[in-house]
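Observations on chain architecture
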Amino acid sequence: MPEAPEIPEAPDTPEAPETPEESPRARRRGRTTLLIAGAAVLGVVAGTCTGYLIQADREPTKLASLSQPTLTQAKGPAPEPLSAAQDRRVKTDGDLRKLLLKKPAGAKDADWLGDEDGWLDLARYAELYEEPADAFSDQVSDEFRRVAVTGWASGDRQVTVRLIQYRQEEAVVAADQASSGQYWADKEGSTRSRAIPGTGDGMAYVHDKPDTEPGYLPVFGAEAYAWRGDVTMEIRVYDTKSITMKTIMDLAERQMERL
């Protein structure tokens, strides 16, 4: 038998650079992960096949009937719809002006409200803010619907009551509107506050420090904010004399009772 030819020795080559120890471990870890994943897939397939075989040997299970027993209708007349006194939405979807507080006997009409006939459109309402353009845009985004307003004057005291209604198809905006009024009222100095009973989070505020301008009498203020459903209540009182907490609380409580 002829001898195998000799294989010539490979020429000397420079040693390959050392490979960090982390690389082989990383490759092995990746390979192991793939093997485990492959085993898991095989296990699922095998389990599924086994389940089909077991189910095929069983007797078919009888399904429950889809029909249901017929319910007998209750006898008697159909219930009548809720009255406006029982269903708050019936009240607020009607003439919102009818829910405003009535002008006290002997009080004068509020000439500062203009000739709006109890309604305040969005443009006029936005003008009440320091930045009307921004307020207008915000109210449009908040799904503004309408504002009912009333007011009166008794001596030097002026009272304004507004009910702002929102469509509220996306969010409970009435609550946010009341909260915003409360935030700014509470930021004024020398201010006392009190929760309005029966409103959850309604608040009344009295500002003990008057606003003063040269040539004018000092003006004291009080305000109240609360909400119910889709309506926000705002009440503002101004007087040349200090205003008691009882005054603003009485107005707020009576107005919220009408909602």
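The model shown is predicted, which means the values in this text are computed figures rather than measured ones.

With 13 residues, helix 6 (residues 245-257) should reach 18 Å at 1.5 Å per residue; the first-to-last C-alpha distance of 18 Å fits that figure. Within helix 6, the full set of buried residues consists of Met245, Ile248, Met249, Leu251, Ala252, Gln255 and Met256. Each buried residue of helix 6 lies within a common arc of 160 degrees when the element is viewed along its axis, so the set occupies one face. Along helix 6, exposed side chains directed more than 90 degrees from the buried face belong to Lys246 and Glu257. In this structure, the buried side of helix 6 is in contact with strand 2 (144-154), strand 3 (157-166), strand 4 (191-195), strand 5 (203-211), strand 6 (219-228) and strand 7 (231-239).

Looking now at the pairing of strand 7. Counting buried positions over the nine residues of strand 7 gives seven, a clear majority of the element. Here strand 3 pairs with strand 7 via eight bridges, running antiparallel. Bridge pairing in strand 7 links Thr160 to Arg236. Here strand 6 pairs with strand 7 via nine bridges, running antiparallel. Note that in strand 7 the partner of Trp227 across the bridge is Thr232. In sequence, strand 6 turns back onto strand 7 through a hairpin of two residues, with Gly229 there showing a positive phi of about 65 degrees.

Applying the stated criterion across every chain yields a total of nine salt bridges. A salt bridge links Glu234 to Arg162; the nearest nitrogen and oxygen atoms lie 3.3 Å apart. Placement of the pair is Glu234 in strand 7 and Arg162 in strand 3, with a sequence separation of 72 residues. The two residues Glu234 and Arg162 agree in class, both being buried. A salt bridge links Glu223 to Arg236; the shortest N-O distance between them is 3.4 Å. Of this pair, Glu223 sits in strand 6 while Arg236 is found in strand 7, placing the two residues 13 residues apart along the sequence. Judged by its relative accessible area of 5%, Glu223 falls in the buried class.

Within the largest apolar cluster, 29 residues are counted, with the highest numbers of intra-cluster contacts made by Leu163, Ile196, Ala224, Met233, Ile235, Val237 and Ile248. The biggest single contributor to this core is helix 6, with six residues. Beyond its immediate chain neighbours, meaning those up to four positions away, Ile235 contacts Thr160, Val161, Ala222, Glu223, Ala224, Ile248, Leu251, Ala252 and Gln255. Counting residues in hydrophobic clusters, the runner-up holds 12 residues, among them Ala110, Tyr125, Val149 and Val173.

A word on the packing of aromatic side chains. Two measures describe an aromatic ring pair: the distance that separates the ring centres and the angle between the ring planes. Taken as a whole, this structure holds four aromatic pairs when the rule is applied. Centre to centre, the rings of Phe144 and Tyr166 are 6.5 Å apart; their planes meet at 85 degrees, and the pair counts as edge-to-face. Here the residue Phe144 occupies a position in strand 2, and Tyr166 occupies one in strand 3, the gap between them amounting to 22 residues. The class of Phe144 is buried, set by a relative accessible area of 13%. Residue classification places Tyr166 among the buried positions, given a relative accessible area of 0%. Ring pairs connect the aromatic residues Tyr125, Tyr129, Phe144 and Tyr166, which therefore count as one cluster.

Quick look at the layout of surface pockets now. Using a probe with the size of a water molecule, rolled over the atoms, empty space left in the structure can be pinpointed. Of the voids in this model, the largest pocket is the one considered here, and its volume is about 1,100 Å³. Taken together, 36 residues line the largest pocket, and the ones lying closest to its centre are Leu128, Tyr129, Arg162, Tyr225 and Arg236. With six residues, strand 6 is the single largest residue contributor to the lining of the largest pocket. When its volume is computed, the second largest pocket comes out at roughly 280 Å³.

A residue-level look at the protein finds 64% of positions with pLDDT of 70 or above and a mean pLDDT of 78. Here residues 1-46 scores under 50 on pLDDT; set against residues more than four positions off or in separate chains, the count is zero contacts.

Here is what the cut-offs are and how they apply
Residues numbered from 1 in each chain as written. Predicted model: local features only at pLDDT ≥ 70, side-chain atom pairs only at ≥ 80, totals over all residues. Heavy atoms only, no water. Helix = DSSP H or I, 4+ residues; strand = E, 2+ residues; numbered from the N terminus. Expected span 1.5 Å × (residues − 1). Buried < 20%, exposed > 50% of the residue type's maximum accessible area, 1.4 Å probe, protein only. Arc of directions from axis to C-beta. Contact = heavy atoms within 4.5 Å. Pairing = 2+ DSSP bridges. Salt bridge = Lys/Arg side-chain N within 4 Å of Asp/Glu carboxyl O. Core = buried A, V, L, I, M, F, W, Y, C linked by side-chain atoms within 4.5 Å. Phe/Tyr/Trp six-rings, centres within 6.5 Å; stacked < 30°, edge-to-face > 60°. 1 Å grid on protein atoms, 1.4 Å probe; cavity = no way out; pocket = protein on both sides within 12 Å on 5 of 7 lines; lining within 4 Å. Points joined across faces, edges and corners; volume = space filled by probe spheres on them. pLDDT = per-residue confidence, 0-100.

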